[in-house]
Amino acid sequence: IRQGRIIKFGDTCTGLPEIRQIQYQKDKRKKEKRGTRNPAYQMFYLANVENYTSWYLTDKEHRLTHFFMIHPDSLALLKAWHYVLVIDSTYKTSQYKLPPVEIVGVSPVGKTFLVGLGLLKNEKTESYTWLLEKVREVLARENISPGLL
C-alpha cells in the first residue's frame, strides 16, 4: 500500500493524471457505452430507456430539427411546484447547431430545478410555438396549471 502525501499549493506533482488524460478516459467510456449510435441517437436511446417524455421532429432528409424531453423526476417536481416556470434560451446554439432551450421551475424556497430541455432548428416563432405546444400538452395531461409562465 502506497502512502499518500498532502499536496500543497505550488507543489509540482508527478505521476498524477493531467486533466486532458482524465477527459480522454471519460470520452472513451462514453463512446464505449454508445457503441455505434451517434450522439443524437444516443440521446433518443437514453430518453427511451429512462422513460423520459419526449417529442421530436425531423426534416425530409431525416435530420433532427426539434427535440424536447422531460425526465420523470422533473415531472414529479413540476407536479409539486408548478407555480413558476421559466423558459431560457440564451445560449444561441449547441454543438449540433441547434439552439437549446431550458425550462426550469422554481420551488417555494427559491431553488430552481430543470423541467425540460429542448433543441430547436432555429430561433423563429414557429420553433418556439412547437416547443410551447409540447409544454402545454404535458401540463394538460398532468392537470398542472402554472401560476406564471
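See the structure above.
Here the residue numbers are simple positions, counted from 1 along each chain's written sequence. In view of the model being predicted, local features appear only for residues whose pLDDT reaches at least 70, and side-chain atom pairs are presented and counted only at 80 or more, with totals across whole chains, interfaces and linings using the full set of residues. In computing side-chain values, all of the structure's heavy atoms are included and hydrogens and water are not.

**Student:** Describe in detail the nonpolar core, supporting the description with residues and values.
**Tutor:** One recurring pattern in soluble globular proteins is that nonpolar side chains are buried together. Counting 18 residues, the largest nonpolar core has Phe68, Leu78 and Leu131 as the members making the most contacts within it. Numbered from the N terminus, helices here are DSSP runs of H or I no shorter than four residues, and strands are runs of E no shorter than two. Elements that contribute at least two residues to this core include exactly strand 2 (64-70), helix 3 (72-80), strand 4 (100-106), strand 5 (112-119) and helix 4 (125-141). Per element, the largest residue contribution to this core is six residues, and it comes from helix 4. Aside from chain neighbours lying at most four places away, what touches leucine 131 is Phe68, Val101, Ile103, Gly118 and Leu120. The term nonpolar core refers to a set of buried residues drawn from Ala, Val, Leu, Ile, Met, Phe, Trp, Tyr and Cys, joined through side-chain atoms within 4.5 Å. Burial classification: accessible surface area is computed with a 1.4 Å probe over protein chains only, and a residue below 20% of its type maximum counts as buried, one above 50% as exposed, and the rest as partly exposed. Counting residues in each nonpolar core, the second largest holds five residues, with Leu64, Phe67, Met69 and Leu119 among its members. Two residues qualify as a contact provided that any one of their heavy atoms is within 4.5 Å of a heavy atom in the partner residue.

**Student:** Would you mind going over unusual backbone geometry in detail, with residue names and values included?
**Tutor:** When glycine is set aside, most residues are seen to have a negative phi, and most peptide bonds are trans. Its identity as a non-glycine residue notwithstanding, asparagine 51 has a phi of 60°, on the positive side. Residue position: asparagine 51 is located in the loop between helix 2 (39-49) and strand 1 (53-58). Although it is not a glycine, asparagine 143 sits at a positive phi angle of roughly 55°. Inspection of the secondary structure assignment puts asparagine 143 in the segment after helix 4.

**Student:** Could you give an account of the side chain of serine 107, with specific residues and numbers?
**Tutor:** Note on placement: serine 107 falls in the loop between strand 4 and strand 5. If we skip the residues at most four places from it in the chain, serine 107 touches Trp81 and Phe113.

**Student:** Talk me through a nonpolar patch on the surface; I want residue IDs and the actual numbers.
**Tutor:** To count toward a patch, a residue needs a relative accessible area above 30% and no salt bridge. Like charges then connect within 9 Å, nonpolar side chains (Val, Leu, Ile, Met, Phe, Trp, Tyr) within 5 Å. The Shrake-Rupley method, run with a 1.4 Å probe, gives the accessible areas here. Residue values count only the displayed protein chains as cover. Definition used for salt bridges: Asp or Glu carboxyl oxygen within 4 Å of a side-chain nitrogen of Lys or Arg. On the surface, a cluster of nonpolar side chains totalling about 260 Å² of accessible area is made up of Tyr45, Leu46 and Val49. Of note, valine 49 is situated in helix 2.

**Student:** Before we move on, could you go through the environment of glutamate 50 and cite the residues and values that matter?
**Tutor:** Note that glutamate 50 resides in the loop between helix 2 and strand 1. By relative accessible area, glutamate 50 is classed as partly exposed at 42%. Residues glutamate 50 and proline 72 lie 22 residues apart in sequence; the distance between their C-alpha atoms is 8.3 Å.

**Student:** Describe in detail the packing of aromatic side chains, supporting the description with residues and values.
**Tutor:** Centres within 6.5 Å make a pair out of two Phe, Tyr or Trp rings, where for Trp the six-membered ring is used; the pair is then stacked when the planes are under 30 degrees apart, edge-to-face when over 60, and tilted otherwise. Overall, the coordinates contain four aromatic pairs when judged by the stated rule. Considering the side-chain rings of phenylalanine 44 and phenylalanine 67, the 5.1 Å spacing of their centres and the 80° angle between planes classify their relative orientation as edge-to-face. With phenylalanine 44 in helix 2 and phenylalanine 67 in strand 2, the pair connects residues that are 23 residues apart, well separated along the chain. Site record: aromatic cluster; members linked through ring pairs are Phe44, Tyr56 and Phe67.

**Student:** Requested: an account of the pairing of strand 2, with residues and values cited.
**Tutor:** Among the seven residues of strand 2, seven are classified as buried, and the element is accordingly described as predominantly covered. Judged from the six bridges that link them, strand 1 and strand 2 form a sheet pairing that is antiparallel. What sits directly across from threonine 58, in strand 2, is leucine 64. Hairpin connection between strand 1 and strand 2: a loop of five residues separates the two successive antiparallel strands, and histidine 62 in this loop has a positive phi of roughly 65°. When strand 2 meets strand 5, the two strands line up antiparallel, connected through three bridges. Along strand 5, the bridge assignment pairs phenylalanine 68 with glycine 118. By this definition, two strands are paired if DSSP reports at least two bridges between them.

**Student:** Help me get a handle on the side chain of lysine 134, residues and values and all.
**Tutor:** Structurally, the position occupied by lysine 134 is in helix 4. Take lysine 134: its relative accessible area is 13%, and that puts it in the buried class. Other than its neighbours up to four places away in sequence, lysine 134 contacts Trp55 and Phe68.

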